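# Chains, contacts and geometry: an overview
Chain by chain, the residues run as shown.
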Amino acid sequence: MKVGRRHSSFVETFQTFQGKRELHLARCRDCHEILPYTQRLCQRHPASALEWIEASGRARLHTFTEYRISYSPAHPAPYVVAMVELEEGPRLVSTVLQEAGCELRTELVLQASFDDDGRLVFIPRS
């Protein structure tokens, strides 16, 4: 069973979609289960090919922290790093852009977006 090469382009594929400002999820072609971002193979069908489907972009804030010191010019302080749970199930770490007057809290409804540099970010939905 030769599965290694087929699934080695996972990060590359995710980044290609991100470069197009699209959020996609990997799904098993056999059972249609959506894989978490930390998983590269379907546990029930490890030999199955993956397909990429477009995510809704809807998410909920699972946990977060606010950095008050800038560690990179790409992220001026303050900025929020969060784990968000996509509507489709997977969780991922991203930046949440905090809007004036919006208090961040767990379970806050978010929407995926892309910043001016093409990085995936999430914004609170009203």
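See above for the structure.
What you are looking at is a predicted structure, and each value in this text was computed from that prediction instead of being measured. (Residues numbered from 1 in each chain as written. Predicted model: local features only at pLDDT ≥ 70, side-chain atom pairs only at ≥ 80, totals over all residues. Heavy atoms only, no water.)

## Here's the deal with the pattern of salt bridges
- Applying the stated rule across the entire model yields 7 salt bridges.
- Notably, a salt bridge pairs glutamate 51 with arginine 27, separated by 2.9 Å at the nearest N-O pair. Residue glutamate 51 is located in strand E2 (residues 50-54), and its partner arginine 27 is located in strand E1 (residues 24-28); the two are separated by 24 residues in the primary sequence.
- For arginine 27, a relative accessible area of 22% corresponds to the partly exposed category.
- Glutamate 66 is the salt-bridge partner of arginine 68, the closest N and O atoms lying 3.7 Å from each other.
- The exposed category is assigned to arginine 68, whose relative accessible area is 65%.
- Through salt bridges with shared partners, one network takes in Asp115, Asp117 and Arg119. (Salt bridge = Lys/Arg side-chain N within 4 Å of Asp/Glu carboxyl O. Helix = DSSP H or I, 4+ residues; strand = E, 2+ residues; numbered from the N terminus. Buried < 20%, exposed > 50% of the residue type's maximum accessible area, 1.4 Å probe, protein only.)

## Concerning the nonpolar core
- Residues Val84, Val96 and Phe122 are the most contacted members of the largest nonpolar core, which totals 28 residues.
- Contributions of two or more residues to this core are made by helix H2 (10-19), E1, E2, strand E3 (58-67), strand E4 (79-86), strand E5 (91-96), strand E6 (109-114) and strand E7 (120-124).
- With 4 residues, the top contributor of residues to this core is E4.
- Every residue in contact with phenylalanine 122, bar those within four places of it in the chain, is listed here: Gly57, Ala59, Val84, Leu86, Leu92, Ser94, Thr95, Val96, Leu97, Leu110, Gln111 and Ala112. (Core = buried A, V, L, I, M, F, W, Y, C linked by side-chain atoms within 4.5 Å. Contact = heavy atoms within 4.5 Å.)

## Focus: the sheet that holds E6
- The strand order around the closed barrel built from 5 strands is E3-E4-E5-E7-E6, with neighbouring strands paired in mixed fashion. Strand after strand, the sheet turns through a mean of 50° between neighbouring axes, direction not considered.
- With 8 bridges joining them, E3 and E4 adopt antiparallel strand pairing. Of the residues in E4, the one forming a bridge with threonine 65 is valine 81. (Pairing = 2+ DSSP bridges. Axes fitted to C-alpha atoms, helices over the stretch in contact; angles between N-to-C directions.)

## Quick look at the pairing of E4
- Where E4 meets E5, 6 bridges bridge the pair, whose relative direction is antiparallel. In the strand pairing of E5, glutamate 85 is matched with arginine 91.
- In sequence, E4 turns back onto E5 through a hairpin of 4 residues, with glycine 89 there showing a positive phi of about 120°.

## Some words on the packing of aromatic side chains
- Using the criterion set out here, one finds 4 aromatic pairs in the structure.
- With a centroid separation of 6.0 Å and an interplanar angle of 90°, the aromatic rings of tyrosine 67 and tyrosine 71 are classed as edge-to-face.
- For tyrosine 67, a relative accessible area of 30% corresponds to the partly exposed category.
- The class for tyrosine 71 is exposed, based on a relative accessible area of 60%.
- Aromatic pair tyrosine 67 and tyrosine 79: ring centres 5.2 Å apart, planes at 10°, arrangement stacked. Of this pair, tyrosine 67 sits in strand E3 while tyrosine 79 sits in strand E4, and the two are 12 residues apart along the sequence.
- Three or more aromatic residues link up through ring pairs in this structure, and these residues are Tyr67, Tyr71 and Tyr79. (Phe/Tyr/Trp six-rings, centres within 6.5 Å; stacked < 30°, edge-to-face > 60°.)

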